[in-house]
Every structure is written in C-alpha cells, then in structure tokens.
Amino acid sequence: MTPREVLALCRERDVKAVDLRFMDFPGLWQHFTIPIEALTEETFEEGVGFDGSSIRGWQAINESDMLVLPQPDTAFIDPFTEVPTLVMICNIQDPITKEDYTRDPRNVARKAVNYLRSTGIGDVAYFGPELEFFVFDDIRYDVASHSAFYVVDSVEGQWNTGREENPNLGYKLRHKEGYFPVPPSDTLLNIRNEMMLYLMEAGVDVECHHHEVATGGQCEIDMKYKPLVEMADAVLKYKYIVKNVARKHGKVACFMPKPLYGDNGSGMHTHFSIWKEGKPLFAGSGYAGLSETALYAIGGILKHAGALLAFCAPTTNSYKRLVPGYEAPVNLAYSQRNRSAAIRIPVYSPSPKQKRIEFRCPDSSCNPYLAFSAMLMAAIDGIQNRIDPGEPFDKDLYDLEPEELARVPKAPGSLEEALDALEKDHEFLLRGDVFTPDVISTWIWYKRTREADEVRLRPHPYEFFLYADI
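Quick notes on the rules
- Residues numbered from 1 in each chain as written.
- Predicted model: local features only at pLDDT ≥ 70, side-chain atom pairs only at ≥ 80, totals over all residues.
- Heavy atoms only, no water.
- Helix = DSSP H or I, 4+ residues; strand = E, 2+ residues; numbered from the N terminus.
- Phe/Tyr/Trp six-rings, centres within 6.5 Å; stacked < 30°, edge-to-face > 60°.
- Buried < 20%, exposed > 50% of the residue type's maximum accessible area, 1.4 Å probe, protein only.
- Lys NZ or Arg CZ within 6 Å of the ring centre and 35° of its normal.
- Patch = residues over 30% accessible without salt bridge, like charges linked within 9 Å, V, L, I, M, F, W, Y side chains within 5 Å.
- Areas by Shrake-Rupley, 256 points an atom, 1.4 Å probe, with all protein chains shown as cover.
- Salt bridge = Lys/Arg side-chain N within 4 Å of Asp/Glu carboxyl O.
- Pairing = 2+ DSSP bridges.
- Expected span 1.5 Å × (residues − 1).

### As for unusual backbone geometry
That bond from N166 to P167 is cis: its omega, 0°, falls within 30 degrees of zero. Mapped onto the secondary structure, P167 falls in the loop between strand 9 (148-153) and helix 4 (189-201). With phi around 50°, E277 is a residue other than glycine that occupies positive phi space. Topologically, E277 is positioned in the loop between strand 14 (268-276) and strand 15 (279-280).

### Observations regarding the packing of aromatic side chains
If you walk through the whole model with that rule in mind, you get 24 aromatic pairs. Seen in terms of ring centroids, F133 and F255 are 5.3 Å apart; in terms of plane orientation they differ by 35°. Their pairing is tilted. Residue F133 is found in strand 7 (residues 124-136), and its partner F255 is found in the loop between strand 13 (252-254) and strand 14; the two are separated by 122 residues along the sequence. The class of F133 is buried, set by a relative accessible area of 0%. Here the aromatic residues F22, F32, F50, W58 and Y101 are joined through ring pairs into a cluster of three or more. Its end group placed over the ring of W29, R21 keeps NZ or CZ at 4.9 Å from the ring centre. Positioned over the ring face of Y240 is R21, at 4.1 Å from the centre of the ring.

### Here we look at a nonpolar patch on the surface
On the surface, Y462, F465, L466, Y467 and I470 cluster together to form a nonpolar patch covering roughly 640 Å² of accessible area. Here L466 shows up in helix 14 (residues 461-467).

### Describing the pairing of strand 6 (residues 85-93)
A large share of strand 6 lies buried, amounting to nine of its nine residues. By the alternation rule, side chains of strand 6 split into T85, V87, I89, N91 and Q93 and L86, M88, C90 and I92, which are all buried. Pairing of strand 1 (residues 17-23) with strand 6, which is carried by five bridges, proceeds in the parallel orientation. Pairing of A17 across the sheet is with T85, part of strand 6. Bridge count between strand 4 (residues 65-70) and strand 6: four bridges; the pairing is antiparallel. Looking across to strand 6, one finds that L67 is bridged to Q93.

### Some details on helix 5 (residues 228-248)
Every α-helix winds through 3.6 residues per turn, so residues three or four apart in the chain are directed the same way. The first and last C-alpha atoms of helix 5 sit 30 Å apart over 21 residues, in line with the 30 Å expected at 1.5 Å per residue. A large share of helix 5 lies buried, amounting to 16 of its 21 residues. A positive phi of about 75° marks G250, the residue just after helix 5.

### Some words on the pattern of salt bridges
Enumeration according to the criterion identifies 26 salt bridges in this entry. For the salt bridge of E41 with R4, the shortest nitrogen-to-oxygen distance reads 3.3 Å. Residue E41 is found in the loop between strand 2 (29-35) and helix 2 (43-46), and its partner R4 is found in helix 1 (residues 3-12); the two are separated by 37 residues along the sequence. The class of R4 is exposed, set by a relative accessible area of 58%. When salt bridges with common partners are traced through the structure, they connect D153, R163, E165 and K172 into a single cluster.

So, in structure tokens, the structure goes:
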C-alpha cells in the first residue's frame, strides 16, 4: 500500500489509533501508539520522534533522540485491540543526519538484500522458516540469590496422566509421540485454526498447521516463503498473533527452544533460495537436483556455521536443543531428505521453483532480521569464493560409527562457543556495510554479559541434586 491507501484504509475501517512497531536489538517487538489524527502523508517521510535510550542494545542516553518511519506496505489491522488500531512496522533513522540506524535490525536486513543485488548474483533471497512453539496452560519461574525454580504445565502433558482433574479425561501425549494425532489427543486444533485465520487477515500466507512431536502442547504453523525483509516482518506478526491468541484462551505460547527436558525442543528450520530475474538459481543437474551455485551457498553456510549460530541460535537455551545424538542437527553436513544433517535438501517436488536448501540449526529465539541476513551473507561468500561443501552424507548421522562421526564437523555446543566463533569469523558479514563493526561488537557484548554470564554465574537446581550432600 501507499501512504494514501493506508489513510484510506483507516477511514474505511474507522481506525482510531496507529501502533508504530520496531525491533529491539536482541529480538523483541517494541511499540508506541499515536492517535489517527497524527498520521498524515508527511508522517511517512518525516517520521515520528521517540526516546530510544531504553531500547536494549541501542544508543546511549546522550544520543537517544530517534525517528520511526512507518512503512505503508506493512500495515494491518490489529485483531486484539478494543479500539480499532492500525499497525505499521517502522524503520529507524537518526533525526539529525537522517541516516538509517546501524543497529536497527530491519536496516541490516534491507542492506543484506541490497548487497545481494550489488553482487550481481541474484535479486531476491527467499526464506521460509518453520517456527515451532509450545502452548502451555501455565508458566511459573523465579530467580533469587537463594532460590531458583521453573514449572510449566499443559493438560496434554504426559506427566499429568495421574493428576486429579475432576475428571481426568486421559488422552495425554507420550513423550515424542505428539506428531499429527487427531483430537481429542490434539487439544489445540481450534486454537491453531484461530491463529491461522488471524495470520491470514494480517497478510501472512499460511500453508498448514499441526501438532508437533513433543508432549505438552508443541505446535507448528507453516508460512509460505517470502523475500527476506518481508519474511522477517511476517515472523514478528506470527509471534505476536500466536502469543495473543493463546492468551485470549487463557494459555501461554512459549518460543523457548528447549522448555522441556527429555522431549523435543522447538526449532526454526529455515528454507532458503536465491533467484535472479524470476529464475531459481538453486535448481540444476547436480546432487539432489542442485546447481553449482546452490552447492557453493551450502559451502558458505557450513564454513561459517559457528558464527551464524551466534545469530541463528542466540540463547543459552538454544544449546539445550542443539545436543549431539538428539533430535536437533549439530552435524555440519548436507544431505537430501536427511534430517540428521545441518542442511537438508527437500525433494518433495522436481519443480525448479521448489529447489531450495533447509538450514536446520536455527530456532525462533532469534532476531529474524539478523539471522536471515547472516545466512544470506554466508551463502554469498560461498558463491563468490566457490567454497566446496564436501561430499554429502546420505546415511543417518546419528548411527555412524564413532570414528566416522568424529570426522564430521560439529556446531558450537554453547552460546559462548558461538560468540567466540563470531568474534573470530565475521569479515564476511561486514561486506557491503551490512553488519557494521558496532553491530557485531554490541551483539557479542550483550549476549555475553547480559545472558551467557548471567546464566553461567548462577547455581543450577540440578547442581543441588548432584552436589548438595558432597
């Protein structure tokens, strides 16, 4: 939509308020609201001023005046507000120089797309992430100097087979047996249907939804692929709608990668391809129907996987999911159909338009603008430098003999390792001024000091189980 069309929509839908949204550095949507009378065609060019000093990872208080510029093509009607409210995603600018703000994650994504075009390799990068999440009935946690605990609960949970529920109707899902059961075992069908309809109303194309593998309410709603920036926008709409529909029903949606011990975690397997002039560049006559370009892109992603995971699996909890021998792929190899490899080549269809690669390490705790941009930059590096991905692994990597498995490179085993990898390997991200040095250094600082160190320094409840009587 154009600014004029946005204003016409506001009149048509009797909009009273305009919600201006933007992304903080770690990856949470932020917002403030203006009355409809304050929105004019000039607003889209001049922006709206706000204080950015308290936004995580952003400017110091002495440089805190900033502008949001609403993007008319992102507009949608918020389905959850009592007052008719229009939502628009915004870009961030410096009010003095009018330059795009380097630490605005959406700006990084826009620069990544522009860099792809400048290389001549392609003109669009498509992304199709598969976000998994849990819908719990209850989440409780507390952390103090002398205590720490968490409890999650779900009526579906295997642990509730013997709970007094007056009456307990059974149909609890066993661990790792939640994939595709019909109701009454799948208690969340109606809620996911509602999520799907709201997503479609907000302009997000939905392909399907289903219960996921884990007990306790694990779900997935699949979106149709979109160009990089548009898909990152869609991920934010997705999480917003999923969380608010769950809350509407007295439940809570949780996108933590690993909230349950002993069952599958929640990933964000990300499908990716590059096109040029309407033609898919990853289709060819090579392995699994891939082109030479696609194989080099795989080589770049595998080479830089350690650094990529600092953005694609960016929490300490991510590495409770990325564990050797479990459901998440930590082996840095590629293969067709094989879900034990970090990169899978789907072969559902022989159509060149369907040819893509799937990076299986990311999870939805990431900032999608930064994660998708980093993946694209690694792929471009692989294509430009003709990085050989090696031979594919077409057998179950979980069943390899120890000697053979030891030869397969592994993903980082912790957030600290991923940040170390990013610190050593980020030159490919700086090209085209896509990720600036201050973005890299601020990300590493924030993740180390505010997250990794805070978890590392605290006693863990399981340590009491192991050591309290030592």
